[in-house]
Amino acid sequence: MVLLEYFTKMMKRANLQNIGNCIQVGTEIEQTDCANMEERAEKALKILKREFEQIVPKESYQRGIEIARQFSNDSCDIYFNMGMKVGAKIMLQLLDEGLNDH
């Protein structure tokens, strides 16, 4: 592999979606989603509502959505806080004047 091609591929993998997936799951993603964050959130909510309509009785639907949203909000808070900690840890490693990179 030509060195320039190697570095080009490395830079393509250096995106927030890929870094987040590597930290969470341990692997890079097949393909990044070109939609913006708002569009992706709307798509996820649309899928959740569609799936809930198929498996939850109508009288429980709204309560089920509320429970799912609460769970999602709590999870988002946890993942955001973890992301901030990971970012701070990376920043400290970048600012370290030593030769360690672990």
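What counts, and where the lines are drawn
- Residues numbered from 1 in each chain as written.
- Predicted model: local features only at pLDDT ≥ 70, side-chain atom pairs only at ≥ 80, totals over all residues.
- Heavy atoms only, no water.
- Helix = DSSP H or I, 4+ residues; strand = E, 2+ residues; numbered from the N terminus.
- Rg over C-alpha atoms; globule rule 2.2 N^0.38 Å.
- Salt bridge = Lys/Arg side-chain N within 4 Å of Asp/Glu carboxyl O.
- Buried < 20%, exposed > 50% of the residue type's maximum accessible area, 1.4 Å probe, protein only.
- Patch = residues over 30% accessible without salt bridge, like charges linked within 9 Å, V, L, I, M, F, W, Y side chains within 5 Å.
- Areas by Shrake-Rupley, 256 points an atom, 1.4 Å probe, with all protein chains shown as cover.
- Lys, Arg positive; Asp, Glu negative; His and termini not counted.
- Charge placed at Lys NZ, Arg CZ, Asp CG, Glu CD.
- Expected span 1.5 Å × (residues − 1).
- Polar contact = N/O pair within 3.5 Å; in protein donor to acceptor, adjacent residues only side chain to side chain.
- Axes fitted to C-alpha atoms, helices over the stretch in contact; angles between N-to-C directions.
- Parallel < 35°, antiparallel > 145°, perpendicular 65-115°, else oblique.
- Left-handed = near helix turned anticlockwise from the far one by under 90°.
- Contact = heavy atoms within 4.5 Å.
- Nonpolar A, V, L, I, M, F, W, Y, C, P; charged D, E, K, R; others polar.

Draft legend 1. Molecular detail of the overall build of the chain. Looking only at helices and strands, one finds four helices and zero strands in the chain. Overall, the chain shows an N-to-C arrangement of helices and strands of α-α-α-α. For 102 residues, the compact-globule estimate of 2.2 N^0.38 gives 13 Å, and the C-alpha radius of gyration of the chain, at 19 Å, exceeds that figure by more than 25%. For the chain, the spread of C-alpha atoms along the three principal axes comes to 60 × 30 × 20 Å.

Draft legend 2. Representation of the pattern of salt bridges in the model. In this structure the tally under the stated criterion is four salt bridges. In this structure, the salt-bridge partner of Glu28 is Arg13, at a minimum N-O distance of 3.8 Å. Here the residue Glu28 occupies a position in the loop between helix H2 (16-24) and helix H3 (37-55), and Arg13 occupies one in helix H1 (residues 3-13), the gap between them amounting to 15 residues. Overall, Arg13 belongs to the partly exposed group, its relative accessible area being 35%. Between Arg50 and Glu51 there is a salt bridge whose closest N-O contact spans 3.7 Å. Among the residues examined, Arg50 registers a relative accessible area of 43% and is labelled partly exposed. Look at Glu51 and you get partly exposed, because its relative accessible area is 37%.

Draft legend 3. Layout of a negative patch on the surface. Residues Asp33, Glu38, Glu39 and Glu42 make up a contiguous surface patch of negative charge. With respect to the helices and strands, Glu39 occurs in helix H3.

Draft legend 4. Representation of H3 in the model. The first and last C-alpha atoms of H3 sit 27 Å apart over 19 residues, in line with the 27 Å expected at 1.5 Å per residue. Sitting at the amino-terminal end of H3 is Asn36, which places a side-chain oxygen 3.0 Å from the backbone nitrogen of Glu38.

Draft legend 5. A look at the environment of Asn18. Within the secondary structure, Asn18 is located in helix H2. Taking relative accessible area as the criterion, Asn18 reaches 5% and is therefore assigned buried. C-alpha of Asn18 to C-alpha of Glu28: the two residues are ten residues apart in sequence and 5.4 Å apart in space.

Draft legend 6. Representation of the packing of H3 against helix H4 (residues 58-95) within the structure. Two elements in contact, H3 and H4, have axes whose closest approach is 10 Å; the angle formed by their N-to-C orientations is 140°. In terms of their interaxial angle, H3 and H4 are classed as oblique. With respect to the hand of their crossing, H3 and H4 are arranged in right-handed fashion. Residues Leu45, Leu48, Lys49, Phe52 and Glu53 of H3 touch H4, and the partners they reach there are Tyr61, Gly64, Ile65, Ala68 and Arg69. The residue inventory of the contact of H3 with H4, partitioned by class, reads six nonpolar, one polar and three charged.

Nothing here speaks to function; it is all geometry.
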